[in-house]
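Fold and contact review
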Amino acid sequence: MTALTRLTMAAARDGLRRRNFTATELAAAHVAAVEAARPLNAFVTETPELAMAQAAESDRRLQRGEARPLEGLPLAIKDLFCTKDILTTASSHILDGFKPPYESTVTAQLWAAGAVMLGKTNMDEFAMGSSTTTSYYGPTENPWRRPGDNRPLVPGGSSGGSAAIVAACGALGATGTDTGGSIRQPASFTGIVGMKPTYGRCSRWGVVAFASSLDHPGPLTRTVRDAAMLLRGMAGHDPKDSTSAPVAVPDFEAALTGDIRGLKVGIPKEYRVDGMPGEIETLWQRGIEWLKTAGAHPVEISLPMTKYALPAYYIVAPAEASSNLARYDGVRFGLRVDGKSLEEMYELTRAAGFGAEVRRRVLIGTYVLSAGYYDAYYVKAQRVRTLIARDFAEAFKMVDCILTPTAPSSAFAIGEKSDDPIAMYLNDVFTVPADLAGIPAISVPAGLDESGLPLGLQIIGRAFDEETVFRVAGVLEEAASFTATPQFIAGASSSGGDIGSGHHEPH
Ligand code: GLN
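What counts, and where the lines are drawn
Residues numbered from 1 in each chain as written. Predicted model: local features only at pLDDT ≥ 70, side-chain atom pairs only at ≥ 80, totals over all residues. Heavy atoms only, no water. Helix = DSSP H or I, 4+ residues; strand = E, 2+ residues; numbered from the N terminus. Rg over C-alpha atoms; globule rule 2.2 N^0.38 Å. Buried < 20%, exposed > 50% of the residue type's maximum accessible area, 1.4 Å probe, protein only. Contact = heavy atoms within 4.5 Å. Areas by Shrake-Rupley, 256 points an atom, 1.4 Å probe, with all protein chains shown as cover. Lys, Arg positive; Asp, Glu negative; His and termini not counted. Charge placed at Lys NZ, Arg CZ, Asp CG, Glu CD. Core = buried A, V, L, I, M, F, W, Y, C linked by side-chain atoms within 4.5 Å. pLDDT = per-residue confidence, 0-100. Salt bridge = Lys/Arg side-chain N within 4 Å of Asp/Glu carboxyl O. Near = heavy atom within 4 Å. Polar contact = N/O pair within 3.5 Å; in protein donor to acceptor, adjacent residues only side chain to side chain. Nonpolar A, V, L, I, M, F, W, Y, C, P; charged D, E, K, R; others polar. Patch = residues over 30% accessible without salt bridge, like charges linked within 9 Å, V, L, I, M, F, W, Y side chains within 5 Å. Axes fitted to C-alpha atoms, helices over the stretch in contact; angles between N-to-C directions. Parallel < 35°, antiparallel > 145°, perpendicular 65-115°, else oblique. Expected span 1.5 Å × (residues − 1). Phe/Tyr/Trp six-rings, centres within 6.5 Å; stacked < 30°, edge-to-face > 60°. Lys NZ or Arg CZ within 6 Å of the ring centre and 35° of its normal. Pairing = 2+ DSSP bridges. Right-handed = clockwise from strand over helix to strand, strands pointing away.

Structural notes on the overall build of the protein
Looking only at helices and strands, one finds 17 helices and 11 strands in the protein. Whereas a compact globule of 507 residues would reach a radius of gyration of roughly 23 Å, the protein reaches 21 Å, a difference of no more than 12%. Dimensions of the protein, computed from C-alpha atoms along their principal axes, come out at roughly 65 × 55 × 50 Å. In the protein, which comprises 507 residues, the proportion classed as buried is 60%. In the protein, of all internal contacts separated by at least 6 residues, the share reaching a separation of at least 24 is 77%. Accessible surface, the protein as shown: approximately 18500 Å² in total, 54% of it carbon and sulfur. Of note, the protein has its 48 positive side-chain charges centred 4 Å away from the centre of its 56 negative side-chain charges.

If you want it as structure tokens, here you go:
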């Protein structure tokens, strides 16, 4: 049975169609793997009964020869996507008991394509973070550990539960969202593939809002082909989201030709940041060589506004968050702490319901939007954002895609950096620019660092040209031939899996 959880999504699709195994067997193997992975605390809610019922329906479809594109494939869903009648928390206390009366467009499309839901994954509260340690439900652990060092590591964030369960072979793929890096950075930290498509490619309808102009739903998978498959299922125009793009969804898998001859790959000199470990630079150089060997031409480019991306992001994102989070007032859904007046009820509910990082963002956002500071901070940050998009537009006149590292470090220990917001914000230095510009970017596992932890390389592309991004990512994946497995599953096959410090109770 275990072998079924090691399949790629594409291989599982083919195996189901050839009747090598049933959707029920595939779902049962994953339900068992999810249970075995409980020490990682990757889920807020598991939905095994639903998974088995959906798998039974998939088997009926497969029998009749009516298989849909993702028929019978077990997935995990970030707990930011509203799922009808199933607890949706955004990992926040303030959404206690919230069971949405509707389904997000992305998840509705996945179920309509035949996918099977294993449950809702843990994340940083309201997707604010880079470590999945700010969840009300406790931190998620990375299935990787440094050899010879038993300290639990973060899986990255905010889509850390999704990344951890895919890396631990508890799901074939997962949904995530990326506002400043939350798909790509956890993919890099857990040795998997994470794809942030173009803004507007995937509907945000029914996705709990963090920063609406920056929120991008996208897939986390173990291979580039699987990311192409899953993105196709998630993407498409949605009239219910006014920023959803009315463009056709290509067959992304068909883009994986392996042929990148003659393609120009930009290498931005501004991504050589101070204090970046030498081995990340080395890996980046190796990536350049791999693409060159495959016939592409590396071109040095300049993205001069890069150094302003993080400061601009940490004004725009909190500004939008402070506005989006105003709706959590104890009246309509989730937690309510009664007070002597309506106002006191609002205050007590919000004080009890939001964690420290969320409160910090609401304060920063309210400050930069306040009458006296609006022009100095918010308007200026928006101008910087336009200049960053212009940098990319200029670069794409000369190159077809851009290669960079995904993150400036590998996974760090749980608790490390938690008391230093600035150190935490630096995680996003290479991922934030593509969010500000709304352009597609993918992280591909490319190697291990000296401490034995995975590192990713990032490919950034033109708006709505996910196909080139996937094509180059496929070549990178092939050249890197990353086959290392995390200690959690390596240990599980020999000793039954002894890492993980137990299930975390809400605090
Ligand atoms: N780490 C970034 C932040 O904290 C990005 C989070 C995200 O992409 N959701 O805002």
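A look at the environment of L70
On the secondary structure map, L70 appears in the loop between α4 (48-63) and β2 (74-78). Residues L70 and A112, 42 residues apart in the sequence, show an inter-C-alpha distance of 8.8 Å. Apart from residues lying up to four places away in sequence, L70 is in contact with L110, A113, G114, A115, M229, L230 and G233.

Brief notes about the nonpolar core
Counting 153 residues, the largest nonpolar core has L110, F126, L291, L403 and F470 as its most contacted members. A per-element tally of this core places helix α10 (residues 309-324) first, with 10 residues.

Side note on the confidence of the model for the protein
With 96% of its residues at a pLDDT of 70 or more, the protein shows a mean pLDDT of 94. When the elements of the protein are averaged for pLDDT, helix α17 (residues 487-495) gives the smallest value, 66, and β2 the largest, 99.

Quick look at the pattern of salt bridges
In total, this model carries 27 salt bridges according to the counting rule given. With a shortest N-O distance of 3.5 Å, K84 and D85 are connected by a salt bridge. For K84, a relative accessible area of 42% corresponds to the partly exposed category. A residue is classified by how much of its surface remains accessible, and D85, at 51% relative accessible area, is exposed. Linked through salt bridges whose partners overlap, the residues forming this network are R13, D14, R225 and E253.

Some points on the site of the ligand
Within the structure, the ligand sits among 15 residues, and S130, G180, S182, Y313 and R361 are positioned closest to it. At 3.2 Å from an oxygen atom of the ligand is found a main-chain nitrogen or oxygen belonging to G181. Y313 has a polar side-chain atom sitting 2.6 Å from an oxygen atom of the ligand. Alone, the ligand offers 290 Å² of accessible surface; in the complex the protein occludes 100% of this. Considering only residue class, the shell around the ligand consists of 5 nonpolar, 7 polar and 3 charged.

Observations regarding a nonpolar patch on the surface
Taken together, the side chains of V331, L342 and Y346 present a nonpolar region at the surface, about 250 Å² in accessible area. Along the chain, L342 turns up in helix α11 (residues 342-353). Given a relative accessible area of 51%, L342 falls into the exposed group.

So, the packing of helix α2 (residues 9-17) against helix α8 (residues 224-234)
Where α2 contacts α8, the two axes come as close as 8 Å, and the packing angle between them is 70 degrees. Between α2 and α8, the crossing angle belongs to the class labelled roughly perpendicular. Contact residues: α2 offers M9, A10 and R13, while α8 offers R225, D226, M229 and L230. Partitioned by chemical class, the residues of the contact of α2 with α8 number 4 nonpolar, no polar and 3 charged.

Things to note about helix α13 (residues 374-395)
Over its 22 residues, α13 extends 31 Å from the first C-alpha to the last, a length consistent with the 32 Å expected when each residue adds 1.5 Å. Packed against the buried residues of α13 are β8 (297-301), α10, α12 (356-369), β9 (401-405), α15 (432-437) and β11 (454-461).

Let's talk about the packing of aromatic side chains
According to the stated counting rule, one finds 18 aromatic pairs in the structure shown. Relative to F482, the ring of W144 has its centre 6.2 Å away and its plane inclined at 50 degrees; by these criteria the two rings are tilted. Remark: F482 occurs in the loop between α16 (466-480) and α17 and W144 occurs in the loop between β3 (116-121) and α6 (160-167); sequence separation between them is 338 residues. Accessibility expressed as a relative area gives 2% for W144, which makes it buried. Ring centres 5.9 Å apart and planes at 45 degrees place the aromatic pair Y367 and Y377 in the tilted group. Of the two residues, Y367 sits in helix α12 while Y377 sits in helix α13, which places them 10 residues apart along the sequence. On the accessibility criterion, Y367 (40% relative accessible area) is partly exposed. A connected cluster of aromatic rings, assembled from ring pairs, spans F98, F126, Y328, F333 and F354. For the cation-ring pair, K240 lies above W205, with the distance from its terminal atom to the ring centre recorded as 4.0 Å.

Describing the sheet that holds β3
Sheet architecture is open: 11 strands sit in the order β1-β3-β2-β4-β6-β5-β10-β11-β9-β7-β8, paired in mixed fashion. Single-partner strands in this sheet number two, and they are β1 (43-46) and β8. Adjacent strand axes in the sheet meet at a mean angle of 30 degrees when their direction is disregarded. Relative to strand β10 (residues 441-448), strand β5 (residues 193-196) runs antiparallel, the two being bridged by 3 bridges. Bridge assignment links K196 to a residue of β10, and that residue is A441.

With respect to the pairing of β8
Sheet topology places strand β7 (residues 264-268) next to β8; 5 bridges connect them, and they run parallel. Counted as the bridge partner of P268 is I301 from β8. Between the parallel pair β7 and β8, the chain is carried across by helix α9 (residues 278-293), and the sense of this crossover is right-handed.

Focus: the side chain of D391
When you line up the elements, D391 lands in helix α13. Only 2.7 Å separates the side chain of D391 from the backbone nitrogen of M305, close enough to count as a polar contact. Excluding residues that lie within four positions of it along the chain, D391 makes contacts with L303, P304, M305 and T306.

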